[in-house]
Amino acid sequence: MVFPVMYNLIILVCRACFPDLQHGYLVAWLVLDYTSDLLYLLDMVVRFHTGFLEQGILVVDKGRISSRYVRTWSFFLDLASLMPTDVVYVQLGPHTPTLRLNRFLRAPRLFEAFDRTETRTAYPNAFRIAKLMLYIFVVIHWNSCLYFALSRYLGFGRDAWVYPDPTQPGFERLRRQYLYSFYFSTLILTTVGDTPPPAREEEYLFMVGDFLLAVMGFATIMGSMSSVIYNMNTADAAFYPDHALVKKYMKLQHVNRKLERQVIDWYQHLQINKKMTNEVAILQHLPERLRAEVAVSVHLSTLSQVQIFQNCEASLLEELVLKLQPQTYSPGEYVCRKGDIGREMYIIREGQLAVVADDGITQYAVLGAGLYFGEISIINIKGNMSGNRRTANIKSLGYSDLFCLSKEDLREVLSEYPQAQTIMEEKGREILLKMNKLDMNAEAAEIALQEATESRLQGLDQQLDDLQTKFARLLAELESSALKIAYRIERLEWQTREWPMPEDLAEADDEATAGDQKNFTLYWSSSGI
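Residues numbered from 1 in each chain as written. Predicted model: local features only at pLDDT ≥ 70, side-chain atom pairs only at ≥ 80, totals over all residues. Heavy atoms only, no water.

A. Here's a closer look at the overall build of the chain. Helix and strand content of the chain: 19 helices and ten strands. Across the 529 residues in the chain, those meeting the buried criterion constitute 32%. Sequence-distant contacts in the chain: of pairs separated by 6 or more residues, those separated by 24 or more amount to 70%. Surface exposure of the chain reaches about 33700 Å², of which carbon and sulfur atoms provide 61%. (Helix = DSSP H or I, 4+ residues; strand = E, 2+ residues; numbered from the N terminus. Buried < 20%, exposed > 50% of the residue type's maximum accessible area, 1.4 Å probe, protein only. Contact = heavy atoms within 4.5 Å. Areas by Shrake-Rupley, 256 points an atom, 1.4 Å probe, with all protein chains shown as cover.)

Listed below in structure tokens is the structure:
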């Protein structure tokens, strides 16, 4: 839809404002007009067969697609853009292209195409700049057409502002008319000035409208360019580490010039050769499964070259791929030294490394792309005579790109794959046997010690189970005793309810006392005292 919509937006308005252009190429315009109409019609047919998402599921049923499409505003705009307004040619003649202005209603499809292209292209910032330049061209083009139409309405050559009289030599040609109008519009919309002052009300209104449009266009251009530059800087910051902070730090700390030059060269190597050291941060917003698939497609072939990882489960390799950390080493930089504690293994992705003597000059071997080293140090193999210490000095001859896999990451992944861990230990044991660095006696002693430890752990587990059983019995007895005590207390409460209450006893005592006093009074009365 880009071609037909752009054709109508650019050519149609030009034909309406420049009569010579319309009259000189009528047959070509008719062919292009009806070709674009045919594409408009085919676009509607395609939209009747374009599925849509409903609750995340793609709907491909043609009936539902059609019923949904005809209920949208897009359908009415598409239908209005195909109304056969050309039939009015019968009365007004074929030289009235303004009858086809309803074709502009299909412009949303152009914006949709731009949005899809911007999402899919590998150079989105360049596409945004190209799209912005296209919009600027269309605006100036439309403005130049309107300027020429206004000049024709006011009269060519009536004043210095309008287009000169075409009867003058050189101004009668169509190319000169368009280029002069385009140049005049460019001067106005860019606010450069150097244009003749307007003399009529229509000219003043046109200039005011253009100035307002120029202000809005300038703000839009500045905002768009700022957004593009910001996105480019953000992308660079996401892909490559910020060297400005490191340079400032080295300057403040008075780092020697040689080391500072080495650091700057390392940063330049990353930028020039597009090397990335923070792939995890770049892919962090992807879903975990999709992030794993991207990492597998990029790095699985490299990881599968490592001998101890061959024949492992695919899911294990996918987990390990997400743990790989890319690293870049400068010329002459040591990756590891003899005697260092080995906490990671390395896979050479690109470059060359040398196994050198302690003097750093004598070379024993050269390692190239696809090779690896340090894999034994990240697996705890019983009887390993070298332990977890490095046995050689590895130095980068040039700029070398390596993948680093740490012991902690490998242990975290293998905790969920015990069978794979056993297989990897067996392969590591075979490698140590070939290198004569596996102490069988030490391995047997360590196995015996492990078995004794496991036996003691089993004994402790049995004792713990016995203690838990005894504790459960005591707890059951305690609960039984508590129930019995509660039952006895309840029985005593029922028995005590039959006893007289203290209040009743007090009333009985009061009545007895009152009776005794009454008898005493009667006794003394009868005695005559």
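B. Local environment of the packing of aromatic side chains. Going through the model one piece at a time under the given rule, you end up with 28 aromatic pairs. Centroid distance Phe-148 to Tyr-163: 5.4 Å. Interplanar angle 65°. Geometry classified as edge-to-face. Of this pair, Phe-148 sits in helix α8 (residues 124-154) while Tyr-163 sits in the loop between α8 and α9 (174-189), and the two are 15 residues apart along the sequence. For the pair Phe-148 and Tyr-163, a shared accessibility class is recorded, and that class is buried. Ring centres of Phe-156 and Tyr-163 lie 5.8 Å apart, and the angle between their planes is 75°; on these two criteria the pair is classed as edge-to-face. One residue, Arg-100, lies across the ring of Tyr-34, its end atom 6.0 Å from the ring centre. Looking at Arg-106, its charged tip hangs above the ring of Tyr-40, at a distance of 4.5 Å from the centre. (Phe/Tyr/Trp six-rings, centres within 6.5 Å; stacked < 30°, edge-to-face > 60°. Lys NZ or Arg CZ within 6 Å of the ring centre and 35° of its normal.)

C. Up close: the sheet that holds strand β10 (residues 400-406). Across the sheet, four strands lie side by side as β3-β10-β5-β8; this open sheet has antiparallel pairing. At either end of the open sheet lies a strand with only one pairing partner, and these are β3 (325-329) and β8 (372-373). (Pairing = 2+ DSSP bridges.)

D. Expanded view of α9. For α9, spanning 16 residues, the distance from its first C-alpha to its last is 22 Å, which sits close to the expected 22 Å at 1.5 Å a residue. Buried within α9 are the following residues: Gln-177, Ser-181, Phe-184, Ser-185, Leu-187, Ile-188 and Leu-189. With its phi angle positive at about 55°, Thr-191 sits one or two positions after the end of α9. (Expected span 1.5 Å × (residues − 1).)

E. Layout of the packing of helix α1 (residues 2-17) against α8. Two numbers describe how α1 lies on α8: the axes approach to 9 Å, and their chain directions differ by 15°. Here α1 is positioned roughly parallel relative to α8, judged by the angle of their axes. Note that α1 runs across α8; the crossing there is left-handed. Of the residues in α8, those touching α1 at Met-6, Leu-9, Ile-10, Val-13, Cys-14, Ala-16 and Cys-17 are Leu-134, Phe-137, Val-138, His-141, Trp-142, Cys-145, Leu-146, Phe-148, Ala-149 and Arg-152. Partitioning the contact of α1 with α8 into residue classes produces 15 nonpolar, one polar and one charged. (Axes fitted to C-alpha atoms, helices over the stretch in contact; angles between N-to-C directions. Parallel < 35°, antiparallel > 145°, perpendicular 65-115°, else oblique. Left-handed = near helix turned anticlockwise from the far one by under 90°. Nonpolar A, V, L, I, M, F, W, Y, C, P; charged D, E, K, R; others polar.)

F. Broad picture of the sheet that holds strand β9 (residues 393-396). Taking strand neighbours across the sheet as the criterion, the four strands line up as β4-β9-β6-β7 in an open arrangement whose pairing is antiparallel. The open sheet terminates on both sides in strands that have one partner only, identified here as β4 (334-336) and β7 (363-367). Geometrically, the sheet is characterised by an average inter-axis angle of 30° between neighbouring strands, direction not taken into account. Note: β4 against β9, two bridges, orientation antiparallel. Note on β9: the bridge partner recorded for Cys-336 is Ile-394.

G. Inspection of unusual backbone geometry at higher detail. A positive phi angle, near 60°, is found at His-254, a position not held by glycine. Assignment of secondary structure puts His-254 in the loop between α11 (243-252) and α12 (257-272).

H. The arrangement of the packing of α8 against α9 in detail. Following both chains from N to C, one finds α8 and α9 inclined at 115°, their axes separated by 8 Å at the closest point. Relative to α9, the element α8 is oriented roughly perpendicular. Considering the relative orientation of α8 and α9, their crossing is right-handed. For the pair formed by α8 and α9, the contact residues are Phe-137, Val-139, Ile-140, His-141, Asn-143, Ser-144, Tyr-147 and Phe-148 on the first element and Gln-177, Tyr-178, Tyr-180, Ser-181, Phe-182, Phe-184, Ser-185, Thr-186 and Leu-189 on the second. Taken together, the residues of the contact of α8 with α9 sort by class into ten nonpolar, seven polar and no charged.

I. View of the UniProt feature "transmembrane region" (unreviewed entry) in the chain. The feature "transmembrane region" (unreviewed entry), as annotated in UniProt, sits at residues 132-154, 174-192 and 204-225 in this numbering. Within the segment residues 174-192, helix and strand shares are 84% and 0% respectively, and the terminal C-alpha atoms sit 25 Å apart. A distance of 31 Å separates the end C-alpha atoms of residues 204-225, which is 100% helix and 0% strand. (UniProt positions renumbered as here; feature names shortened; annotations may be inferred.)

J. View of the pattern of salt bridges. Under the counting rule described, the total for this entry stands at 20 salt bridges. Note that Arg-109 is salt-bridged to Glu-112, the shortest N-O span being 2.9 Å. Linking Arg-109 with Glu-112, this pair stays in helix α7 (residues 107-120), spanning three residues, or about one helical turn. Residues Arg-116 and Glu-112 are paired through a salt bridge, measuring 3.3 Å at the closest nitrogen-oxygen approach. Of this pair, Arg-116 and Glu-112 both sit in helix α7, separated by four residues, roughly a single helical turn. The exposure class of Arg-116 is partly exposed, given its relative accessible area of 44%. You can call Glu-112 partly exposed: its relative accessible area is 27%. In the salt-bridge network here, residues are joined through shared partners; they are Asp-43, Arg-47, Asp-78, Arg-106, Arg-109, Glu-112 and Arg-116. (Salt bridge = Lys/Arg side-chain N within 4 Å of Asp/Glu carboxyl O.)

K. Structural view of the nonpolar core. Grouped together as the largest cluster of nonpolar side chains are 24 residues, with contacts concentrated most on Leu-303, Leu-316, Leu-320, Leu-405, Leu-410 and Met-424. Put simply, the parts of the chain that give this core at least two residues each are α14 (288-303), α15 (314-321), β5 (344-350), β10, α16 (407-414) and α17 (418-434). Of all hydrophobic cores here, the second largest spans 20 residues; its members include Phe-148, Leu-150, Ile-188 and Met-207. (Core = buried A, V, L, I, M, F, W, Y, C linked by side-chain atoms within 4.5 Å.)

L. Summary view of the confidence of the model for the chain. On average, residues of the chain score 81 in pLDDT, and 86% of them are at 70 or above. Of all the helices and strands in the chain, helix α19 (residues 502-526) carries the lowest mean pLDDT, 53, while helix α3 (residues 26-47) carries the highest, 93. (pLDDT = per-residue confidence, 0-100.)

M. Seen up close, the side chain of Asp-159. Locating Asp-159 in the fold gives a position in the loop between α8 and α9. Overall, the relative accessible area of 19% leaves Asp-159 in the buried class. In terms of polar contacts, Asp-159 uses its side chain to reach the backbone amide nitrogen of Val-162, at 3.1 Å. What Asp-159 contacts, discounting residues up to four positions off in sequence, is Ala-199, Arg-200 and Glu-203. (Polar contact = N/O pair within 3.5 Å; in protein donor to acceptor, adjacent residues only side chain to side chain.)

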